[in-house]
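Listed here are the chains, written in short residue letters.
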Amino acid sequence: MRALVFLSRSLRQHSVAKPNPFQPSSLISICKENLLPPNSNQWIYQTRRTLILEPSFSKFVKLHRLADSDSGILEVSLDRPEAKNAIGKEMLRGFQHTLEAIGRDSSANVMLLRSSVPRVFCAGADLKTLCLPTIAVIEGAALGGGLEMALSCDLRICGEDAILGLPETGLAIIPGAGGTQRLPRLIGKAKAKELIFTGRKVGGKDAMSIGLVNYCVPAGEAHLKALEIARDINDKGPIAIRMAKKAISDGLEVNMKPALALEEDCYEQTLNTKDRLEGLAAFAEKRKPRYTGE
């Protein structure tokens, strides 16, 4: 996670011990048929894995799985109100551990990133490394590292009162957690240069008009809109969604010929799956498909 490296360096944290994503004190893995002891080396599901954080990887980072038909949707909430969600060492470490755990969870289909702190979003990290779709829920300020975190998500939903910007040049530095690279890829080189050179902040409606966010909704309703989109994604074939993300994200990094070859490879990985057969059967029987990620 390149952006995490930059953030760690800015915090003078030169090295962080590699976490154990199955550490018994913070993570319980439950098998659909068998409950394995926490010290077991065979924490393997016969079907699909489910994560339960107990209590959390960090007191500042909360992971919550929605229930019932929304169980494929995970919510990561940042909760450090006294510092307006500024990322310190513990928060950074907890966030990294959380992302690693989600990346290992085959039952996770969509991730929402939100703030538990009113009128503020959050500050910096890299979500591009996750293979499942990620949605940033922005209410209030997303400045500097906060906007860089939102840029690393696949989709961004904001409230009308959101304030977004990269003001680093006003402090005689540049955005150093992906801002100078992700922003121009998203909104174009000229507009990105303007925002970064001037440090200008934009409101929610302007952010949508330049393509910085996917949707701008009335203040306080960003989470509801994000949930609506997440549920729509959650109904689709999980393998297909992950392959689509890989084809789009990795394909944009290369020329057209290797990009098309990548697309073909991703397409082929969806062909021999149980989900594909289930999709065909559901279509023929005129019913909603029941995908399992297999």
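It should be emphasised that the depicted structure is a prediction, and the values quoted were computed from it without experimental measurement.

Draft legend 1. Structural context of the overall build of the protein. Scanning the protein for helices and strands turns up 10 helices and 11 strands. Of the accessible surface of the protein, which amounts to about 15600 Å², a share of 55% is contributed by carbon and sulfur atoms.

Draft legend 2. Focus on the pairing of strand β8 (residues 155-159). The buried fraction of β8 amounts to four of the five residues, a majority that puts the element mostly inside the structure. In terms of strand pairing, β8 meets strand β11 (residues 215-217) through three bridges, oriented parallel. Bridging from a neighbouring strand, Cys-158 pairs with Cys-216 of β11.

Draft legend 3. Structural detail: the packing of helix α3 (residues 145-152) against helix α4 (residues 179-187). Interaxial distance between α3 and α4 falls to 10 Å at its minimum, and their mutual angle equals 55°. By the angle between their axes, α3 is oblique relative to α4. For the pair α3 and α4, the sense of crossing is left-handed. Residues Glu-148, Leu-151 and Ser-152 of α3 form the contact with α4, whose participating residues are Gly-179, Arg-182, Leu-183 and Leu-186. Each residue belonging to the contact of α3 with α4 can be placed in one class, and the counts come to three nonpolar, two polar and two charged.

Draft legend 4. Representation of the packing of aromatic side chains in the model. By the definition in use, this model includes zero aromatic pairs. The lysine or arginine in question, Lys-225, covers the ring of Tyr-215, its NZ or CZ lying 4.4 Å from the ring centre.

Draft legend 5. Fine view of the sheet that holds strand β7 (residues 141-143). Strands sit in the order β7-β9-β10 across an open sheet of three strands; the sheet is mixed. Only two strands of the sheet have a single neighbouring strand rather than two, namely β7 and β10 (202-203). Pairing between β7 and strand β9 (residues 163-165): three bridges, direction parallel. Each bridged residue has a counterpart across the sheet, and for Leu-143 the counterpart in β9 is Gly-165. The sheet strands contacting α3 are β7 and β9, and the helix crosses β7 at an angle near 90°.

Draft legend 6. Structural view of the sheet that holds strand β6 (residues 134-138). Across the sheet, six strands lie side by side as β3-β4-β5-β6-β8-β11; this open sheet has mixed pairing. On the outer flanks of this sheet lie β3 (61-65) and β11, each paired with one strand and no other. Sheet twist, expressed as the mean angle between neighbouring strand axes with direction ignored, is 20°. Pairing of β6 with β8, which is carried by four bridges, proceeds in the parallel orientation. Pairing of Ile-135 across the sheet is with Leu-155, part of β8. Lying over the sheet, α3 contacts β4 (73-78), β5 (110-115), β6 and β8, oriented at roughly 145° with respect to β6.

Draft legend 7. Geometry of the pattern of salt bridges. Going through the model one piece at a time under the given rule, you end up with 13 salt bridges. Residue Lys-236 pairs with Asp-232 through a salt bridge whose shortest N-O separation is 2.6 Å. Of the charged contacts in the structure, one is a salt bridge between Lys-274 and Glu-294, with a shortest N-O distance of 4.0 Å. One end of the pair, Lys-274, is in helix α10 (residues 274-285); the other, Glu-294, is in the segment after α10, and 20 residues separate them in sequence. The exposed category is assigned to Lys-274, whose relative accessible area is 56%.

Draft legend 8. Region of interest: the nonpolar core. Core analysis: the biggest nonpolar cluster contains 38 residues, and Val-76, Ile-102, Leu-113, Ile-138, Leu-164, Leu-183 and Leu-212 have the highest contact counts within it. For this core, the elements supplying multiple residues, two or more each, are β3, β4, α2 (89-103), β5, β6, α3, α4 and α5 (189-198). One finds Val-137, Ile-157, Ala-222 and Leu-227 within the second-largest nonpolar core, a separate group that totals 14 residues.

Draft legend 9. Quick peek at the pairing of β6. For β6, a buried count of five out of five residues is recorded, marking the element as mostly surrounded by other parts of the structure. Covered by surrounding structure in β6 are Thr-134, Ala-136 and Ile-138 together with Ile-135 and Val-137, the residues of both alternating faces. By the bridge criterion, three bridges tie β5 to β6 in an arrangement that is parallel. Bridged to Leu-113 within β6 is Ala-136.

Draft legend 10. Region of the structure containing helix α7 (residues 222-234). The terminal C-alpha atoms of α7, which comprises 13 residues, lie 18 Å apart, in line with the 18 Å expected from a rise of 1.5 Å per residue. Along α7, the residues that are buried comprise Ala-222, His-223, Lys-225, Ala-226, Leu-227, Ile-229, Ala-230, Ile-233 and Asn-234. On its buried face, α7 sits against β4, β5, β6, β8, β11 and α8 (238-251).

What counts, and at which threshold
- Residues numbered from 1 in each chain as written.
- Predicted model: local features only at pLDDT ≥ 70, side-chain atom pairs only at ≥ 80, totals over all residues.
- Heavy atoms only, no water.
- Helix = DSSP H or I, 4+ residues; strand = E, 2+ residues; numbered from the N terminus.
- Areas by Shrake-Rupley, 256 points an atom, 1.4 Å probe, with all protein chains shown as cover.
- Buried < 20%, exposed > 50% of the residue type's maximum accessible area, 1.4 Å probe, protein only.
- Pairing = 2+ DSSP bridges.
- Axes fitted to C-alpha atoms, helices over the stretch in contact; angles between N-to-C directions.
- Parallel < 35°, antiparallel > 145°, perpendicular 65-115°, else oblique.
- Left-handed = near helix turned anticlockwise from the far one by under 90°.
- Contact = heavy atoms within 4.5 Å.
- Nonpolar A, V, L, I, M, F, W, Y, C, P; charged D, E, K, R; others polar.
- Phe/Tyr/Trp six-rings, centres within 6.5 Å; stacked < 30°, edge-to-face > 60°.
- Lys NZ or Arg CZ within 6 Å of the ring centre and 35° of its normal.
- Salt bridge = Lys/Arg side-chain N within 4 Å of Asp/Glu carboxyl O.
- Core = buried A, V, L, I, M, F, W, Y, C linked by side-chain atoms within 4.5 Å.
- Expected span 1.5 Å × (residues − 1).

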